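Structural characterization, general
Listed here are the chains, written in short residue letters.
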Amino acid sequence: MVHLLEVIFVLVMLNNQMLLSSSRLVYCIKLVAFQGVILSLIPIILAHQGITLHVLCFATIVFVLKGIIFPKLLLRALRVADVKREVEPIIGFTSSALLGILILGLSFWISSKYTNIETAINFLTLPTALYTILVGLFLIICRKKALMQVVGYLVLENGIYIFGVALLKEIPLLIEIGVLLDIFVAIFVMGIATYHISQEFETTDVDQLNTLRG
Amino acid sequence: MIHWYSIFSLVSAMICAPFLKGVIARTKAILSGRMGASVFQPYFDLWRIFQKKSVYSKTTSWIFKTGPVIYFVTILIALFFLPLGNLPAILQFQGDFIVLIYLLGLGRFFMVIAALDTGSSFEGMGASREVFFAFFAEIILFLCFITLSLLTKVLSLAEIHFILSDGLWLNTGVVLFLVVVALFVVFLIENSRIPFDDPNTHLELTMIHEVMILDHSGPELGLILYASQLKVWIFGLILLGIAVPFDPQVGVFNVVVVMAGMILLSLIVGVIESVTARLKLFKISQFLIGAMTISMLALILALGGR
Amino acid sequence: MGYEDLLVVMLFVTFSFVLVCQIIRNEKHILSFLWIGVMIVCILAALVVFAVLKEGPLFSCGQRLYVDAFSVYHLAILMIVFLMSSIYANNYFQEEIDSGIFNIKVARRFGTLWFVSLAAMMLVLISNDLGIMWVGMETTTLVTAFLICPYRKKKALEAMWKYLIVCSVGIALAFMGTIIIAASAHKLFSSSTDMFLWTHLHRFGYLLNPGLVKLGFLFIIVGYGTKVGLAPMHTWLPDAHSQAPTPVSAVFSGFMLNTALYCILRYVLLVDTALGSTTFTHGLLIFFGLASILIAASFIPYQHDLKRVLAYSSVEHLGIITLGFGLGALGAVAALFHMFNHSVCKTLTFFCAGRIGRIYKTFDMNTIRGAIHVSPLWGAGLLACALALIGVVPFALFMSELLVVRAAISSGAWIPLGLFLAGITIVFAGVLHHVTELVWGNPQVQLENLYRTSFIEKGMIIVSLGVLIILGLWMPMSFKVVLEHAAQFMN
């Protein structure tokens with residue numbers, strides 16, 4: 001069963017690489033949805049006291065929210081804002097892919113410094129978590145379209161979820177549900193904001209939002 | 001260490017290589033709805049070409065004449081390092097895969113300068129494209145071999161194949177899978193297969209390898225064609241050795257498994273060639289960078305696992 | 001019904017007011033309901049405050065909610081700021097209502113978001129569960145985002161987007177910090193629910209893994225510090241506070257920044273117990289405090305927009321408060337006193353600035369001149385509040401800043417003291433320069449003060465300024481006791 005976790009983490013890593021080098025927004029949203037779906041399998045794999053109804057419920061909620069609802073919200077925002085592709089970002093797509101590998105190496109290096117964390121489930125958990133978090137931050141900082149920043153935020157939250165799995169045996173259900181609810185509201189709000197921005201500025205290019213300075 | 005009884009692996013490579021090309025061509029034909037030539041057609045083609053006389057242009061020098069010969073010889077020597085199932089390779093020492101990659105590089109170098117020697121811009125263009133893609137292919141090849149060495153803790157190709165067993169696949173399956181994917185991409189590009197290059201076309205837009213050998217004729221052309229077919233065998237064998245774990249109990253049966261695997265690989269390549277189209281040149285470099293990142297990911301995972 | 005249930009009732013009532021907002025049909029009624037509802041919650045909160053001051057800390061909801069003197073002090077400030085802003089908001093939107101922009105849909109949304117943000121901030125203050133505290137903080141970010149731009153305007157949208165992204169990232173980092181600190185309790189073998197309870201971690205603080213605790217605190221202070229507006233994470237603050245409608249700016253500067261600082265301080269207590277010494281946390285607090293003061297000081301002289309000056313002033317004052325907390329016991333008392341003073345004063349300043357902006361129809365300081373002639377009450381109010389903010393003598397802020405200086409001297413922190421004094425001097429000069437230009441001089445155009453200021457608003461300003469002056473001259477005994485009670489929890 002430990003190996004299944006490895007497969008999941010490697011899939012997440014490949015997912016992040018593809019996110020870094022893809023310019024089509026619809027494809028990116030689908031990639032994030034896929035990431036959410038494979039992450040929803042983690043509670044089932046890690047169920048310590050067997051697969052209870054509790055665990056199944058939680059996994060289903062994560063699956064539905066991250067795999068279905070968030071992408072739907074984002075695709076809807078995409079449609080009303082009428083945006084298709086990412087413009088050439090600050091760091092080009094090919095360079096982003098290579099930078100992604102550097103970030104991956106960095107996360108492995110940082111994780112090797114913290115091998116004393118006894119609760120780490122698999123040697124890949126902490127590197128994947130750090131890598132996903134850093135890729136999420138990278139997408140937020142370096143992408144110009146508002147919706148790509150929202151995708152980056154989703155990736156960041158996925159990374160923090162894996163981080164929680166790496167460090168803690170179990171996060172209480174109340175907090176997990178609260179976090180998911182917050183992310184839901186966040187995506188909802190960001191989608192509406194993107195719509196307003198596209199109506200007001202006639203573009204969702206965040207670079208154009210530059211009148212407030214100093 | 002020299003194992004003389006492994007001459008069988010060399011001989012079987014030399015005999016069976018053109019057969020693979022025939023299988024690929026036949027698969028493509030059948031998938032296009034034609035009957036296609038017989039699978040043994042490449043043998044007849046080689047026989048026919050060797051009978052002809054070479055024609056040399058006045059602008060070429062001795063490089064043009066010797067290029068193909070050196071290319072063929074390097075590929076032949078490279079064959080010495082390949083094991084065949086149970087049989088160890090003829091030559092085997094620590095770090096032999098580095099020699100292998102450099103031999104291939106040497107052959108490619110002479111092909112390129114032979115193409116440049118003709119003075120035609122057509123071949124020059126093909127040569128530059130070939131070298132550009134070979135740059136990525138060699139990096140991926142090196143990264144894959146380093147990953148494999150990290151996993152198996154030996155530095156010889158034949159021994160890597162020997163040690164890659166079921167157990168290792170179960171333990172480090174994910175890394176090996178990534179390596180296989182990366183090596184498959186290298187297989188396609190080194191042998192100038194679609195989606196990177198079309199071996200059948202002679203249009204300027206789509207040629208890379210073909211355009212380099214446009215001016216050769218007679219036995220030299222024969223040597224080049226035969227050497228390309230041997231290259232298919234080399235890369236296919238490297239790939240198979242990793243993808244199909246080696247089971248020492250089965251003995252000679254391994255040879256049969258290898259042969260079947262090569263034919264299967266040729267069928268797969270034929271299917272891929274029929275189904276996909278050639279990528280735009282810009283996309284090829286992006287695709288290759290993607291393959292490079294996959295091999296780097298495999299390397300980092302193998303490093304992180306220690 | 002014991003006092004514990006009051007906590008739950010308070011939250012419940014605030015949420016139910018959201019539903020009430022949905023049924024009201026008239027915009028003006030919704031605005032009136034805002035301050036009526038907040039008044040009701042105020043009364044409940046006052047009861048809680050008295051209960052805690054009399055009987056000590058309260059637990060509720062199976063240990064998930066917890067109030068002690070520290071949280072109750074913040075709760076009191078929260079209610080004061082919200083009440084004042086609700087009263088002000090009642091009259092502020094008059095012009096928009098008349099022009100039809102502030103229609104019933106916008107009003108309902110405004111009312112809903114207002115109450116939900118109040119509930120979320122209360123939840124942060126009374127929560128014992130660190131995870132729920134985080135959920136509350138994130139909720140305040142999301143809910144207040146649409147308060148920044150109730151109706152679609154370019155600059156407000158831009159400010160809102162920046163606010164959303166920067167604060168969401170900051171709070172996500174704070175969540176990482178929360179996880180790390182919960183993980184540092186692995187030696188405690190606590191159940192998964194206990195791992196996040198503040199009281200539990202505080203009691204067994206000496207068993208926490210010090211390396212992890214340090215790393216976690218770093219994430220916490222950077223993450224929640226984004227919400228506080230500590231430099232260099234303050235970049236969203238000037239935009240958000242200047243583009244939001246004035247009552248919302250007042251709530252932001254007056255209390256929301258303090259909420260985030262409250263979260264950081266809760267963690268400071270944990271980390272100090274775990275590490276056994278305060279040098280690590282206090283060093284970080286001093287660093288970020290000074291950075292905020294200095295960066296605010298370097299930006300204030302170059303501003304054109306009145307509300308942006310006030311926003312940077314918030315950064316500076318939150319920096320002073322953070323610095324105070326980093327300077328030991330006396331510093332903690334000074335910082336808590338300064339929190340109260342700053343919240344009241346900044347709220348008032350925003351009110352005056354908002355009115356003046358209404359009259360002149362712009363916040364551009366190059367156009368506003370002679371405010372004291374055009375509207376004596378608001379012009380003088382703005383002058384008085386600005387003077388209070390920069391620490392002029394009879395006002396209470398001078399006393400609290402003086403206390404911070406004394407705390408710095410007593411703990412021997414000479415370099416921070418020097419930088420602090422340099423920072424506030426520059427701010428003094430900058431703000432004074434801006435304000436005197438605004439308040440005196442010849443108004444270019446003859447403008448009318450279109451809306452009569454209501455009696456309540458006049459009373460509010462005069463009473464609050466009076467309180468600030470009184471506190472500056474003499475501290476009532478009860479207030480001192482409350483301060484020391486609250487500060488006790490810092491060490």
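Chains are numbered independently. Their residues run from 1 in the order of the written sequence. Lettering for chains starts from A, numbering for ligands starts from 1, and both go in the order in which the items are written. Per-residue local features are limited, in this predicted model, to residues with pLDDT of at least 70; the limit for side-chain atom pairs, both in listing and counting, is 80 or more; totals at the level of whole chains, interfaces and linings are taken over all residues.

**Looking at the overall build of chain C**
- Secondary structure elements are taken from DSSP: a helix is a run of H or I of four residues or more, a strand is a run of E of two residues or more, and numbering for both begins at the N terminus. Along the backbone of chain C there are 20 helices and two strands.
- Radius of gyration (C-alpha) of chain C: 22 Å, near the 23 Å computed for a compact globule of 491 residues.
- Projecting the C-alpha coordinates of chain C onto the three principal axes gives extents of approximately 70 × 55 × 45 Å.
- When the 491 residues of chain C are sorted by exposure, 58% land in the buried category.
- Here, residue contact means that the backbone-derived C-beta atoms of the two residues sit within 7 Å. Sequence separation of 24 or more characterises 80% of the internal contacts of chain C that already satisfy a separation of 6 or more. Radius of gyration here is computed from C-alpha atoms only, and the compact-globule reference equals 2.2 Å multiplied by the residue count raised to the power 0.38. To sort residues by burial, count the other C-beta atoms lying within 10 Å of each one's C-beta; a count of 20 or more means buried, 12 or fewer means exposed, and anything in between means partly exposed. C-beta atoms are built from the backbone.

**Details of the interface of chain A and chain C**
- Chain A puts 35 residues into the contact, and the matching count from chain C is 35 residues.
- Residue assignment for the side of chain A that touches chain C shows that the elements contributing at least two residues are helix 6 (125-142), helix 7 (146-167) and helix 8 (173-201) of chain A.
- Residue contributions to the side of chain A that touches chain C peak at 13 residues, all from helix 8 of chain A.
- Following the grouping adopted for this structure description, the nonpolar residues are Ala, Val, Leu, Ile, Met, Phe, Trp, Tyr, Cys and Pro, the charged ones are Asp, Glu, Lys and Arg, and the polar ones are all others, Gly among them. Residues belonging to the side of chain A that touches chain C are distributed by class as follows: 22 nonpolar, seven polar and six charged.

**A short note on the interface of chain A and chain B**
- Taken together, the contact between chain A and chain B spans 15 residues of the former and eleven residues of the latter.
- For the side of chain A that touches chain B, the secondary-structure elements that each account for two or more residues are helix 1 (2-21) and helix 5 (93-113) of chain A.
- The dominant element in the side of chain A that touches chain B, judged by the number of residues it contributes, is helix 5 of chain A, at seven residues.
- Taken together, the residues that form the side of chain A that touches chain B break down as nine nonpolar, five polar and one charged.

**Notes on unusual backbone geometry**
- Cis rather than trans, the peptide bond between Ala-231 of chain C and Pro-232 of chain C has omega equal to 0 degrees.
- Within the fold, Pro-232 of chain C resides in the loop between helix 9 (210-228) and helix 10 (236-243).
- Phi at Lys-153 of chain B takes a positive value of approximately 65 degrees, unusual for a residue other than glycine.
- Note on placement: Lys-153 of chain B falls in the loop between helix 5 (121-152) and helix 6 (157-163).

**A look at the confidence of the model for chain C**
- Known as pLDDT, the predictor's confidence for each residue is given on a scale from 0 to 100. Per-residue confidence for chain C averages 86 on the pLDDT scale, and 96% of its residues sit at or above 70.
- Prediction confidence for the complex, expressed as pTM and ipTM, is 0.87 and 0.91 respectively.

**Side note on the packing of helix 3 (residues 69-92) of chain C against helix 14 (residues 328-360) of chain C**
Residues and elements named next belong to chain C.
- Orientation of helix 3 relative to helix 14, taken along the N-to-C sense of each, is 5 degrees, at an axis distance of 10 Å. It follows that helix 3 is roughly parallel to helix 14 by the angle criterion. Taken together, the residues of helix 14 that come into contact with helix 3 (itself represented by Tyr-73, Ile-77, Ile-80, Val-81, Met-84, Ser-85, Tyr-88 and Tyr-92) are Leu-336, Met-339, Phe-340, Ser-343, Val-344, Thr-347, Phe-351 and Gly-354.
- Taken together, the residues of the contact of helix 3 with helix 14 break down into twelve nonpolar, four polar and no charged. Every angle, taken between N-to-C directions, lies between 0 and 180 degrees, and every axis is a line fitted to C-alpha atoms, over only the stretch in contact when it is a helix. Angular relationships are summarised with four words: roughly parallel below 35 degrees, roughly antiparallel beyond 145, roughly perpendicular across 65 to 115, and oblique for the angles in between.

**Here we look at helix 5 of chain B**
- The span expected for a helix works out to 1.5 Å for each residue beyond the first. Here helix 5 of chain B contains 32 residues, and its C-alpha end-to-end distance of 46 Å stays within 8% of the 46 Å for a straight helix at 1.5 Å per residue.
- Following helix 5 of chain B by one or two positions, Lys-153 of chain B has its phi on the positive side, about 65 degrees.

**Some remarks on the packing of helix 8 of chain A against helix 6 (residues 130-148) of chain C**
- Where helix 8 of chain A meets helix 6 of chain C, the closest approach of the two axes is 10 Å, and the angle between their N-to-C directions is 15 degrees. In terms of orientation, helix 8 of chain A and helix 6 of chain C fall into the roughly parallel class. The crossing of helix 8 of chain A and helix 6 of chain C is left-handed. Across the interface between the two elements, Ile-175, Gly-178, Val-179, Asp-182, Val-185, Ala-186 and Val-189 of chain A of helix 8 of chain A pack against Gly-131, Ile-132, Val-135, Glu-138, Thr-139, Leu-142, Ala-145 and Phe-146 of chain C of helix 6 of chain C. Handedness of each helix crossing follows the sense of rotation of the near helix against the far helix: counterclockwise by less than a right angle gives left-handed, clockwise gives right-handed.

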